[in-house]
Amino acid sequence: KPAAMYYLNKAVFAVLNPASATLILLALSLLLLWKGEKRQSVCMRRCAGVAGALAFAVLLFFSLPLATYILGMPLEKEFPVTAAADVPEADAIVVLGGGMCANTNSTARLYPDMGPGADRVWHAARLYHAGKAPFVIASGIMERESTRPLLVDFGIPEGALIVENDSLNTEENAAFTERVLREKFGADAKLRILLVTSAWHMRRSAFMFKKYAPSLEIICAPADYDAMVAMDRPLRGKDFIPAADAFSRNATAWKEIVGFYGYKWFRR
């Protein structure tokens, strides 16, 4: 069931992500136009025009830096930037996977790659060295091969590292991390964790941990601010001009919004 839900979630977003939505609308527009011409149907031709216009609107909106103010900034501003020295102490630091790409058999990847979210791994190490918790838990599939080596390179001793290497998504990150902590500290221990992930991912992550790891006290320790770094300034003229990096940033924010409300409304 967990694996089935994982692939279902992937399939849903494969349809709802902006790139796919644009292509689907364009394909629908062409199909309706072809059918309309074949059947001499004014209604179908008009529907084709509407689908084409929607495709253009989706592509334009998600390509605008302006959309980051609408989609990305609300996700990140909920979690203010906090220096590591000012973060409260806890029993463990939990860093969620997704920041690193594991080494594979490819000759082009001798070592794990630092992905766009790798700041979360560095922030977990930063918190550890600041004395905020005695353990770091790397949670996510393939984290033993990806995040763990970088944490070791950052000077975290093997004895202070725990890898939860089975979770496929944020829901499982929460449930499996709670299980690991309970096995280590006991079922009745009152535990507090520093939850480390990208700022744009923190709202959904905190929601998941409160729902699926209810025995843990969560302190949010976000890193990797994307929208705020790009847009924490007055609007400028170029914010109304499409840009490829804006499309990527806005698609990520949209995925978080869809994921958060999807779980909140449809998963009980």
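Sequence order as written defines residue numbering, which begins from 1 separately in each chain. Only residues with pLDDT of 70 or above have their local features reported here, since the model is predicted, and side-chain atom pairs are shown and tallied only from 80 upward, although totals for entire chains, interfaces and linings are computed over all residues. Values reported for side chains reflect all heavy atoms of the structure, with hydrogen atoms and water molecules removed beforehand.

**Topic: the overall build of the protein**
Now for step 1: Of the regular secondary structure elements, the protein holds 10 helices and seven strands.
Now for step 2: If one aligns the C-alpha atoms of the protein with their principal axes, the spans along those axes are about 75 × 45 × 45 Å.
Now for step 3: Any residue under 20% of the maximum accessible area for its type is buried, any over 50% is exposed, and the rest in between are partly exposed; the area is computed with a 1.4 Å probe on protein chains only. Residues counted as buried form 46% of the 268 residues belonging to the protein.
Now for step 4: The contact criterion used is simple: two residues touch if any of their non-hydrogen atoms lie within 4.5 Å. Sequence separation of at least 24 residues holds for 76% of the intrachain contacts in the protein that already meet a minimum separation of 6. Going along the chain from the N terminus, every DSSP run of H or I of four or more residues is numbered as a helix, and every run of E of two or more is numbered as a strand.

**Notes on a nonpolar patch on the surface**
Now for step 1: The patch calculation keeps residues exceeding 30% relative accessible area without a salt bridge and links them within 9 Å when they carry like charges or within 5 Å when they are nonpolar (Val, Leu, Ile, Met, Phe, Trp, Tyr). Calculation of accessible area relied on Shrake-Rupley with a 1.4 Å probe; when residues are assessed, cover is drawn exclusively from the protein chains displayed. Throughout this description, the term salt bridge denotes a Lys or Arg side-chain nitrogen within 4 Å of a carboxyl oxygen of Asp or Glu. Where nonpolar side chains cluster on the molecular surface, the patch consists of Leu8, Val12, Val15, Leu16 and Ile24 and spans about 400 Å² of accessible area.
Now for step 2: Of all the elements, helix 1 (residues 2–16) adds the most residues to the nonpolar patch, at four residues.
Now for step 3: With respect to the element layout, Val12 can be found in helix 1.
Now for step 4: Given a relative accessible area of 38%, Val12 falls into the partly exposed group.

**Quick notes on the packing of aromatic side chains**
Now for step 1: Note on ring pairs: Phe, Tyr and Trp rings are taken, using the six-membered ring of Trp, and paired if centres are within 6.5 Å. Classes follow the plane angle, with under 30 degrees stacked, over 60 edge-to-face and the rest tilted. One pass over the full model with this rule turns up seven aromatic pairs.
Now for step 2: Put simply, a charge is over a ring when the Lys NZ or the Arg CZ is close to the ring centre, within 6 Å, and near the line of the ring normal, within 35 degrees. Geometry around Phe260 places Arg203 over its ring, the cationic atom sitting 5.0 Å from the centre.

**Some details on the sheet that holds strand 4 (residues 136–139)**
Now for step 1: Think of it this way: DSSP has to see at least two bridges between two strands before they count as a pair. Pairing within the open sheet is parallel, and its five strands lie in the order 5-4-1-6-7. Both outer strands of the open sheet, strand 5 (161–164) and strand 7 (216–220), are each paired with one neighbouring strand and no more. Strand-to-strand, the axes of this sheet are offset by a mean angle of 30°, without reference to chain direction.
Now for step 2: Summarising the sheet, strand 1 (residues 92–96) and strand 6 (residues 191–196) pair through four bridges and their orientation is parallel. Bridge pairing in strand 6 places Ile93 opposite Leu194. The angle between two axes is taken between their N-to-C directions and runs from 0 to 180 degrees, where each axis is a line fitted to C-alpha atoms and a helix contributes only its stretch in contact.

**As for the confidence of the model for the protein**
Now for step 1: On average, the protein scores 91 in pLDDT, and the residues at 70 or more come to 95%.
Now for step 2: Every residue gets a pLDDT, meaning the predictor's confidence in that residue, from 0 to 100. Taken element by element, the predicted model of the protein shows its lowest mean pLDDT in helix 1 (75) and its highest in strand 6 (98).

**What about the nonpolar core?**
Now for step 1: Residues grouped as a nonpolar core are buried Ala, Val, Leu, Ile, Met, Phe, Trp, Tyr and Cys residues, joined through side-chain atoms within 4.5 Å. Counting residues in hydrophobic clusters, the biggest one holds 27 residues, and the most contacted among them are Val94, Leu181, Ile193, Leu195, Phe209 and Leu216.
Now for step 2: Every element with two or more residues in this core is listed here: strand 1, helix 7 (170–185), strand 6, helix 8 (199–212), strand 7 and helix 9 (227–231).
Now for step 3: Of the residues forming this core, the biggest block, five residues, is contributed by helix 8.
Now for step 4: When residues no more than four places from it in sequence are discounted, the contact partners of Ile193 are Ala90, Ala92, Val94, Leu181, Phe209, Leu216, Glu217, Ile218 and Ile219.
Now for step 5: Counting residues in hydrophobic clusters, the runner-up holds 24 residues, among them Ala118, Ala160, Val196 and Ile219.

**What to know about the layout of surface pockets**
Now for step 1: Estimated volume of the largest pocket: approximately 1100 Å³.
Now for step 2: Considering the residues around the largest pocket, the lining is formed by 39 residues, among which Lys10, Asn169, Thr170, Arg204 and Lys255 are closest to the centre.
Now for step 3: Sorting the residues of the lining of the largest pocket by element identifies helix 1, strand 2 (100–101), helix 7, helix 8 and helix 10 (244–266) as the ones contributing at least two each.
Now for step 4: With nine residues, helix 10 is the largest single contributor of residues to the lining of the largest pocket.
Now for step 5: Grouping the amino acids of the lining of the largest pocket by side-chain chemistry returns 17 nonpolar, 15 polar and seven charged. Grid spacing is 1 Å over the protein atoms alone, the probe is 1.4 Å, and a cavity is where that probe fits but cannot get out, while a pocket is an open set with protein on both sides within 12 Å along at least five of seven lines and lining residues have an atom within 4 Å of a point. Grid points are joined across faces, edges and corners, and a volume is the space filled by probe spheres set on the points. Note that Gly is not counted as nonpolar here; it falls among the polar residues with everything else outside the nonpolar set of Ala, Val, Leu, Ile, Met, Phe, Trp, Tyr, Cys and Pro and the charged set of Asp, Glu, Lys and Arg.

**Some points on the packing of helix 2 (residues 18–39) against helix 3 (residues 42–63)**
Now for step 1: One can describe the packing of helix 2 onto helix 3 by two numbers: an axis separation of 7 Å at closest approach and a directional angle of 165°. Taken together, helix 2 and helix 3 sit at an angle that is classed as roughly antiparallel. Helix 3 is crossed by helix 2, and the crossing has left-handed handedness. Mapping the contact onto sequence places Pro18, Thr22, Leu25, Leu26, Leu28, Ser29, Leu32, Leu33, Lys35, Gly36, Glu37 and Arg39 in helix 2 and Met44, Arg45, Cys47, Ala48, Ala51, Gly52, Leu54, Ala55, Val58, Leu59 and Phe62 in helix 3.
Now for step 2: Tallied by class, the residues present in the contact of helix 2 with helix 3 amount to 15 nonpolar, four polar and four charged. Roughly parallel refers to an angle under 35 degrees, roughly antiparallel to one over 145, roughly perpendicular to one between 65 and 115, and oblique to any angle outside these ranges. Should the near helix be turned anticlockwise from the far one by less than a right angle, the crossing is termed left-handed; should it be turned clockwise, right-handed.

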